[in-house]
Amino acid sequence: MGFFIETLIGGLMSGMLYSLVALGFVLIFKASGVFNFAQGAMVLFAALAMARFSEWFPALLGFDSKLLANLLAFAAAMVVMVIVAWAIERLVLGKLVNQEGITLLMATLGITYFLDGFGQTLFGSEIYKIDVGLPKDPMFLLESTFQGGILVNKEDLYAAGIAAALVAGLSAFFQYTATGRALRAVADDHQAAQSIGIPLSRIWVIVWSVAGFVALVAGVIWGSKLGVQFSLSLVALKALPVVILGGLTSVPGAIIGGLVIGVGEKLSEVYIGPMLGGGIEIWFGYVLVLFVLLVRPQGLFGEKIIDRV
């Protein structure tokens, strides 16, 4: 039972990190109707900016404080992501208002490759380190209840807490603020939102900036765990089943979908993997989503859209 609980906790914490990346997809689709394939590239670009700025600022300004370096780097990286959001709206999406969904999808694919290449040109292509002080040593819980206790990684615990706080904040933002309601109105109908005075260009800059902030937080956490390297953009592929399972328009769905897939991956790898030769963790989420789509195409919490023809 102790080993089962240990595996379960590990799955929940991995699931929260998947949810954090999935949020970027949901935010942009919810507000603009665009499935943003560039989210993985945004995570990588933000992590690269954070890693490099934390190296450059102490050298340029002549100080040794790691905390100050990280704070300045985070602020500078956030400014960079806002500039990226503004450029995407002005140069790409602003030119494609009311176009077909496939056109916008292809545009985000182009943004993906541009950010990958531009990030390498601007920040370099080495493996960089992000050190924000997250403790990496493990700890043991419930040692008196289970023999040997339950092993929990402190870094994963802190990361899951940060992800949960960010998810709660974004949920409140969409539900209770005027800007959040405007974002939802734009998602429902671009032309109707414009007709009642909602500035589409400003809304898109805001939502891409928020998605950039989410990408930055996800990039910092994943970069701290894995190092900042160009394979980091592939983390977004792990979040795709989460988005589809939870529903493309549901923030709570991104959370629950992440937890379900995170736990399912860990438990299936540990208990079923040895019988099948392992590797279940790689494809479990996609197979689960395939079965869910056969029963509920809009996902667990997605909106069922009925078009009259």
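All figures in this text were calculated on a predicted structure; none of them were measured in a lab.

Student: For this particular structure, what's the right way to read the overall build of the protein?
Tutor: Each helix and strand counted, the protein has 12 helices and two strands in total. Its helices and strands in sequence order give the protein the pattern α-α-α-α-β-β-α-α-α-α-α-α-α-α, from N to C terminus. For the protein, the C-alpha radius of gyration of 20 Å lies close to 19 Å, the compact-globule estimate for 309 residues. Principal-axis analysis of the C-alpha atoms places the extent of the protein at approximately 65 × 60 × 35 Å. The buried share among the 309 residues of the protein stands at 49%. When contacts within the protein are restricted to residue pairs at least 6 apart in sequence, those whose partners lie at least 24 apart make up 72%. Carbon and sulfur atoms make up 67% of the accessible area of the protein, which amounts to about 15000 Å² in all. Of the side-chain charges in the protein, 17 are positive and 19 negative, and the distance between the mean point of each set is 7 Å.

Student: How do you make sense of the side chain of Ser 224 when you look at a structure like this?
Tutor: When you line up the elements, Ser 224 lands in helix H8 (residues 200–226). Owing to a relative accessible area of 8%, Ser 224 belongs among the buried residues under this scheme. Apart from residues lying up to four places away in sequence, Ser 224 is in contact with Ile 130, Leu 134, Lys 136, Glu 155 and Gly 219.

Student: Would you mind showing me how to read the pattern of salt bridges here?
Tutor: Any two side chains of opposite charge can pair, on the condition that their charged atoms come close. Following the criterion strictly, the structure yields two salt bridges and no others. Of the charged contacts in the structure, one is a salt bridge between Glu 55 and Arg 52, with a shortest N-O distance of 2.7 Å. Note that Glu 55 and Arg 52 are positioned in helix H2 (residues 39–61) at a spacing of three residues, about one turn of the helix. In this structure, Lys 66 and Asp 131 form a salt bridge, with 2.8 Å as the shortest nitrogen-oxygen distance. Placement of Lys 66 in helix H3 (residues 66–91) and of Asp 131 in the loop between helix H4 (101–123) and strand E1 (138–141) is noted, with a sequence separation of 65 residues between them.

Student: How should a nonpolar patch on the surface be read in this particular structure?
Tutor: A surface patch of nonpolar side chains, about 930 Å² in accessible area, is lined by Phe 3, Phe 4, Val 270, Tyr 271, Ile 272, Met 275, Leu 276, Ile 282 and Trp 283. Those elements giving two or more residues to the nonpolar patch turn out to be helix H1 (2–32), helix H10 (251–271), helix H11 (273–276) and helix H12 (280–295). Checked against the element boundaries, Tyr 271 lands in helix H10.

Student: How should the packing of aromatic side chains be read in this particular structure?
Tutor: To describe a pair of aromatic rings, one takes the distance between the centres and the angle between the planes. Tallied over the full model, the rule gives 11 aromatic pairs. Where Tyr 18 meets Trp 222, the ring centres are 6.3 Å apart and the plane angle is 15°; that geometry is what we call stacked. Placement of the pair is Tyr 18 in helix H1 and Trp 222 in helix H8, with a sequence separation of 204 residues. On the basis of relative accessible area, Tyr 18 is assigned to the buried category, the value being 7%. For Trp 222, a relative accessible area of 10% corresponds to the buried category. Arranged with centres 5.8 Å apart and planes meeting at 70°, the rings of Phe 53 and Trp 56 form a pair that is edge-to-face. Of this pair, Phe 53 and Trp 56 both sit in helix H2, three residues apart, which is roughly one turn of the helix. The structure contains a cluster of three or more aromatic residues connected by ring pairs, namely Phe 45, Phe 53, Trp 56, Phe 57, Phe 114, Phe 118 and Phe 123.

Student: What is the right way to read the packing of H10 against H12 from this model?
Tutor: When two helices pack together, their arrangement is captured by the angle between the axes and the distance separating the axes. Packing of H10 against H12 leaves a shortest axis separation of 9 Å and a crossing angle of 130°. Between H10 and H12, the interaxial angle falls into the category oblique. By crossing handedness, the relation of H10 to H12 is classed as right-handed. Residues Val 260, Ile 261, Gly 264, Glu 265, Lys 266, Ser 268 and Glu 269 of H10 form the contact with H12, whose own contacting residues are Ile 280, Glu 281, Phe 284, Gly 285, Leu 288 and Val 289. Residue composition of the contact of H10 with H12, grouped by class: six nonpolar, three polar and four charged.

Student: What is the right way to read the nonpolar core from this model?
Tutor: Within soluble globular proteins, side chains that are nonpolar tend to cluster in buried spots. If you look at the biggest cluster of nonpolar residues, it comprises 93 residues, and the most contacted ones within it are Leu 20, Val 21, Phe 25, Phe 53, Trp 208, Trp 222 and Val 228. Take this core: its biggest share by element is 15 residues, from H8. Once residues lying within four places of it in the same chain are set aside, the contact partners of Trp 208 are Ile 28, Asn 36, Met 42, Ala 85, Ile 88, Leu 93 and Ile 111.

Student: Explain the side chain of Arg 52 to me, please; I cannot follow it from the model alone.
Tutor: For Arg 52, a relative accessible area of 15% translates into the label buried. Discounting residues that sit within four places of it in the chain, Arg 52 has contacts with Phe 123 and Tyr 128.

Student: How should the pairing of strand E2 (residues 150–153) be read in this particular structure?
Tutor: The side chains of a regular strand alternate, first on one face of the sheet and then on the other. Of the two faces of E2, the one holding Ile 150 and Val 152 is buried and the one holding Leu 151 and Asn 153 is not buried anywhere. Inspection of the sheet shows E1 paired to E2 by four bridges, in the antiparallel sense. Residue Pro 138 lies in a different strand from E2, and its bridge partner there is Asn 153.

Definitions and limits used
- Residues numbered from 1 in each chain as written.
- Predicted model: local features only at pLDDT ≥ 70, side-chain atom pairs only at ≥ 80, totals over all residues.
- Heavy atoms only, no water.
- Helix = DSSP H or I, 4+ residues; strand = E, 2+ residues; numbered from the N terminus.
- Rg over C-alpha atoms; globule rule 2.2 N^0.38 Å.
- Buried < 20%, exposed > 50% of the residue type's maximum accessible area, 1.4 Å probe, protein only.
- Contact = heavy atoms within 4.5 Å.
- Areas by Shrake-Rupley, 256 points an atom, 1.4 Å probe, with all protein chains shown as cover.
- Lys, Arg positive; Asp, Glu negative; His and termini not counted.
- Charge placed at Lys NZ, Arg CZ, Asp CG, Glu CD.
- Salt bridge = Lys/Arg side-chain N within 4 Å of Asp/Glu carboxyl O.
- Patch = residues over 30% accessible without salt bridge, like charges linked within 9 Å, V, L, I, M, F, W, Y side chains within 5 Å.
- Phe/Tyr/Trp six-rings, centres within 6.5 Å; stacked < 30°, edge-to-face > 60°.
- Axes fitted to C-alpha atoms, helices over the stretch in contact; angles between N-to-C directions.
- Parallel < 35°, antiparallel > 145°, perpendicular 65-115°, else oblique.
- Left-handed = near helix turned anticlockwise from the far one by under 90°.
- Nonpolar A, V, L, I, M, F, W, Y, C, P; charged D, E, K, R; others polar.
- Core = buried A, V, L, I, M, F, W, Y, C linked by side-chain atoms within 4.5 Å.
- Pairing = 2+ DSSP bridges.

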